[in-house]
Amino acid sequence: MADDVLFEFLHMEMVSHIYKDQASRGEMDKDRATCVSTLEGMGFRVGQGLIERFTKDSPSFKDDLDVMKFICKDFWINVFRKQIDNLRTNHQGTYVLQDNKFALLTQFSSGKQYLEEAPKYLAYSCGLVRGALSNLGMDCVVTAEISLMASCKFQVVIQKI
């Protein structure tokens, strides 16, 4: 339990620090993309490292769906202490992972006033997923959307070569 709180606090402070650092330089519109990119890059690197540790004793995966099931169960449990609530796919390389009580958004009020600010807190998590999948040999694009507070959908689109 204490680990969860420390991780949430560290995440909030990373986001706050990166946005304050960019705001002090001016031109916030251009810098917003830079902040998201920085956070996503940090998450990417951490995701790569974590997936190496989590899969060292696992058998190899048969296909993309097996990899995504691993991400939804084992990876998500190790990082966020719960499974993904729902995994959907169109069987053509697009997956939607839904977390109805996303750990990094639960500290926000459930009111609509925070919906505009919440997406910046998802860039790191998108990077985590993209980094993990990259290390498993899947080049992809990960985006996130929030319709209600604390409920989040991550869309993973696998780039076919």
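Please read all numbers here as calculations on a predicted model, not as lab measurements.

Enquirer: Help me understand helix H3 (residues 64–80), please; the structure alone is not making it clear to me.
Expert: Maximal helix bending in H3 amounts to about 35 degrees, located at Ile-71. All of the buried residues along H3 are Val-67, Met-68, Phe-70, Ile-71, Cys-72, Phe-75, Trp-76, Val-79 and Phe-80.

Enquirer: What's the story with unusual backbone geometry in this structure? I'm lost.
Expert: Peptide bonds are, in most cases, trans, and in most cases residues other than glycine have a negative phi. Even without glycine at this site, Arg-81 takes up a positive phi of about 65 degrees. As for its position among the elements, Arg-81 is in the loop between H3 and strand E1 (86–89). You will see that His-91, though not glycine, has its phi angle at about 60 degrees, which is positive. Position of His-91 relative to the elements: it lies in the loop between E1 and strand E2 (94–99). Residue class for His-91 comes out exposed when judged on its relative accessible area of 66%.

Enquirer: Can you help me understand the packing of aromatic side chains in this one?
Expert: Scanning all chains against the criterion turns up 8 aromatic pairs. Relative to Phe-70, the ring of Phe-61 has its centre 5.2 Å away and its plane inclined at 55 degrees; by these criteria the two rings are tilted. Overall, Phe-61 belongs to the partly exposed group, its relative accessible area being 27%. Overall, Phe-70 belongs to the buried group, its relative accessible area being 7%. Ring pairs connect the aromatic residues Phe-7, Trp-76, Phe-80, Phe-102 and Phe-154, which therefore count as one cluster.

Enquirer: Looking at this structure, how should I read the pairing of strand E3 (residues 140–146)?
Expert: Regular strands place their side chains on alternate faces of the sheet. Pairing geometry for E3 and strand E4 (residues 152–158), over 7 bridges, is antiparallel. Paired with Cys-140 across the bridge in E4 is Ile-158. The hairpin turn running from E3 into E4, its antiparallel successor, is 5 residues long, and Ala-150 in that turn takes a positive phi close to 75 degrees.

Rules used throughout
Residues numbered from 1 in each chain as written. Predicted model: local features only at pLDDT ≥ 70, side-chain atom pairs only at ≥ 80, totals over all residues. Heavy atoms only, no water. Bend = angle between axes of the 7 residues up to and from the residue. Helix = DSSP H or I, 4+ residues; strand = E, 2+ residues; numbered from the N terminus. Buried < 20%, exposed > 50% of the residue type's maximum accessible area, 1.4 Å probe, protein only. Phe/Tyr/Trp six-rings, centres within 6.5 Å; stacked < 30°, edge-to-face > 60°. Pairing = 2+ DSSP bridges.

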